[in-house]
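So you can see what is in the structure, the chains are spelled out below.
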Amino acid sequence: MSRLKNDTFLRALLRQPTEYTPVWLMRQAGRYLPEYCETRRRAGNFLNLCKSPAMACEVTLQPLARYDLDAAILFSDILTVPDAMGLGLYFAEGEGPRFERPLKDEWEIRNLSAPDPHAELQYVMDAVSEIRRALDGSVPLIGFSGSPWTLACYMVEGGSSDDYRKVKSLAYSRPDLMHHILDVTAQAVVNYLNAQIEAGAQAVMVFDSWGGVLSEAAYREFSLRYLEQVVAGLIRERDGQRVPSIVFTKGGGLWLESIAAIGCDAVGLDWTMDIGRARQLVGDKVALQGNLDPNVLFAPPEAVAAETRRVLDSFGNHPGHVFNLGHGISQFTPPENVNVLVDTVHSYSREIRARG
């Protein structure tokens with residue numbers, strides 16, 4: 001593998017000084033890019049796109065061809081893991097992801113087992129290897145997974161949910177079964193992320209998209225505990241290089257200090273929390289990633305630049321910031337506004353450092 005030409009993202013995650021603030025975007029390879037839509041059309045459907053290493057590589061690289069981003073993120077989906085567990089993932093038009101066989105009965109839950117990432121999920125590892133070769137050391141590659149709790153939500157609900165009634169009912173009425181799902185899924189996530197690292201991922205991120213729907217006590221019991229388990233099981237060094245980990249709980253600002261204490265290198269923030277206040281709360285324990293409201297990108301270019309500067313000013317001239325959105329980029333985002341965002345992050349963060 002080629003030596004990294006731009007390691008700014010990795011150094012920021014490890015809270016080392018950087019010449020500027022690195023930036024990448026959650027869901028940066030996606031439907032807001034016309035070239036992505038064309039590749040997806042050729043693939044026939046979303047799952048075909050995910051399961052073709054060549055096409056996954058193609059769409060991973062598309063945003064890097066347009067924008068001066070500091071990291072690539074593997075193109076895949078968090079639901080590849082439960083799909084590999086035999087739940088039968090499919091995407092219904094206009095409905096989002098669904099499972100043919102969601103977890104309902106106790107015997108189904110007891111029979112759940114972690115998949116072998118080098119069998120059912122080998123197509124993901126092949127994509128990671130292909131993307132690393134194609135990047136040729138230009139920027140680091142991020143691998144990722146959903147969190148155990150977030151995956152469990154889909155596995156029990158059978159798809160997206162407005163009220164999480166099924167999974168919360170299971171958690172409160174049969175915590176033993178809920179913990180079994182989470183234990184198996186946590187092991188699956190550890191195996192999956194470590195296989196990505198072995199295939200070439202240089203940092204990994206855990207998306208706890210639905211952690212914020214829980215009460216504080218339930219979050220600690222059913223989400224945070226398993227995030228800590230995942231982080232503890234990760235490979236921390238590969239080929240003599242540190243492999244940083246990022247944990248992102250959407251709606252998790254209330255538990256920021258607890259998340260920062262689980263052993264991860266960085267905590268992702270959604271847009272509801274001031275990043276300067278977050279930095280004061282966590283001190284030098286972790287780096288922070290975020291946290292512009294994705295809807296800012298619908299505003300005129302001057303507003304995009306102003307709000308981007310606001311986030312950078314709030315964090316201040318300190319090590320340990322990776323600029324990102326507070327959640328995934330919307331499919332309706334004007335692509336030209338992303339240029340404004342990326343260019344502003346790079347130029348204005350250099351100004352901040354020059355001031356000392």
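For the structure itself, consult the block above.
Conventions used here
- Residues numbered from 1 in each chain as written.
- Predicted model: local features only at pLDDT ≥ 70, side-chain atom pairs only at ≥ 80, totals over all residues.
- Heavy atoms only, no water.
- Helix = DSSP H or I, 4+ residues; strand = E, 2+ residues; numbered from the N terminus.
- Expected span 1.5 Å × (residues − 1).
- Buried < 20%, exposed > 50% of the residue type's maximum accessible area, 1.4 Å probe, protein only.
- Contact = heavy atoms within 4.5 Å.
- Salt bridge = Lys/Arg side-chain N within 4 Å of Asp/Glu carboxyl O.
- Pairing = 2+ DSSP bridges.
- Axes fitted to C-alpha atoms, helices over the stretch in contact; angles between N-to-C directions.
- Parallel < 35°, antiparallel > 145°, perpendicular 65-115°, else oblique.
- Left-handed = near helix turned anticlockwise from the far one by under 90°.
- 1 Å grid on protein atoms, 1.4 Å probe; cavity = no way out; pocket = protein on both sides within 12 Å on 5 of 7 lines; lining within 4 Å.
- Points joined across faces, edges and corners; volume = space filled by probe spheres on them.
- Nonpolar A, V, L, I, M, F, W, Y, C, P; charged D, E, K, R; others polar.
- Core = buried A, V, L, I, M, F, W, Y, C linked by side-chain atoms within 4.5 Å.

Colleague: Just give me the short version of helix H4 (residues 53–66), but keep the residues and values in it.
Modeller: The end-to-end C-alpha separation of H4 is 21 Å, in line with the 20 Å expected for 14 residues at 1.5 Å each. Taken as a whole, H4 has its buried residues at Pro53, Met55, Ala56, Cys57, Val59, Thr60, Gln62, Pro63 and Leu64. In this structure, the buried side of H4 is in contact with helix H2 (34–43), helix H3 (46–51), strand S1 (72–73) and helix H7 (122–135).

Colleague: Describe in detail the pattern of salt bridges, supporting the description with residues and values.
Modeller: If you walk through the whole model with that rule in mind, you get 16 salt bridges. The salt bridge partner of arginine 41 is glutamate 38, with a shortest N-O separation of 2.6 Å. Residue arginine 41 and its partner glutamate 38 are both found in helix H2; the two are separated by three residues, about one turn of the helix. The partner of aspartate 83 in a salt bridge is lysine 51, and the shortest N-O contact between them spans 3.2 Å. Of this pair, aspartate 83 sits in helix H5 (residues 80–87) while lysine 51 sits in helix H3, and the two are 32 residues apart along the sequence. Residue classification places aspartate 83 among the buried positions, given a relative accessible area of 16%. Residues joined by salt bridges that share partners form a network here, namely Glu106, Arg110, Arg174 and Asp176.

Colleague: Before we move on, could you go through the sheet that holds strand S9 (residues 266–268) and cite the residues and values that matter?
Modeller: Overall, parallel pairing links the seven strands, which are arranged S1-S4-S5-S8-S9-S10-S11 in an open sheet. With one partner strand each, in any of the chains shown, S1 and strand S11 (321–325) form the two edges of the open sheet. When strand S5 (residues 203–208) meets strand S8 (residues 245–249), the two strands line up parallel, connected through five bridges. Residue pairing for S8: aspartate 208 is matched across the bridge by threonine 249. Strands strand S10 (287–292) and S11 of the sheet are contacted by helix H13 (residues 275–282), whose axis makes an angle of about 160° with S10.

Colleague: Describe the packing of helix H8 (residues 148–157) against helix H10 (residues 175–199), naming the residues involved and giving the relevant values.
Modeller: Taken N-terminus to C-terminus, the directions of H8 and H10 make an angle of 120°; their axes are 9 Å apart at the nearest point. Taken together, the axes of H8 and H10 lie oblique to each other. As H8 packs across H10, the resulting crossing turns out to be right-handed. Residues Pro148, Trp149, Leu151, Ala152, Met155 and Val156 of H8 form the contact with H10, whose participating residues are Met178, Ile181, Leu182, Thr185, Ala186 and Val189.

Colleague: Pulling in residues and values, what's your account of the pairing of S8?
Modeller: Along S8, five of the five residues are buried, which leaves the element largely enclosed by surrounding structure. Alternating positions in S8 separate into two faces, Ser245, Val247 and Thr249 on one and Ile246 and Phe248 on the other, with burial throughout. Of the strand pairs in this sheet, S8 and S9 are connected by three bridges, and their pairing is parallel. In the sheet register, valine 247 faces S9, and the bridge partner there is valine 267.

Colleague: Would you mind going over the layout of surface pockets in detail, with residue names and values included?
Modeller: To find leftover empty space, a probe the size of one water molecule is rolled over the atoms. In this structure, the largest pocket occupies an estimated 1300 Å³ of space. For the largest pocket, the lining is made up of 37 residues, of which Arg27, Arg31, Phe46, Asp77 and Phe91 are closest to its centre. Counting only elements with at least two residues in the lining of the largest pocket, the list comes to H2, H3, strand S2 (89–92) and strand S3 (96–99). Per-class residue counts for the lining of the largest pocket are 20 nonpolar, 11 polar and six charged. Here the second largest pocket defines a volume of roughly 540 Å³. Considering the residues around the second largest pocket, the lining is formed by 21 residues, among which Leu4, Leu10, Gln202, Arg238 and Gln241 are closest to the centre. For the lining of the second largest pocket, the secondary structure elements donating two or more residues are helix H1 (8–13), H10 and strand S7 (241–242).

Colleague: Can you break down the nonpolar core residue by residue, with the values?
Modeller: With 129 residues, the main nonpolar core has Phe9, Met178, Ile181 and Leu288 as its most contacted residues. If you tally residues by element for this core, the top one is H10, at 14 residues. Not counting the four nearest positions on each side in its chain, isoleucine 181 is found in contact with Leu103, Ile109, Leu112, Ala152, Met155, Val156 and Leu170.

Any functional reading would require information beyond the geometric quantities listed.
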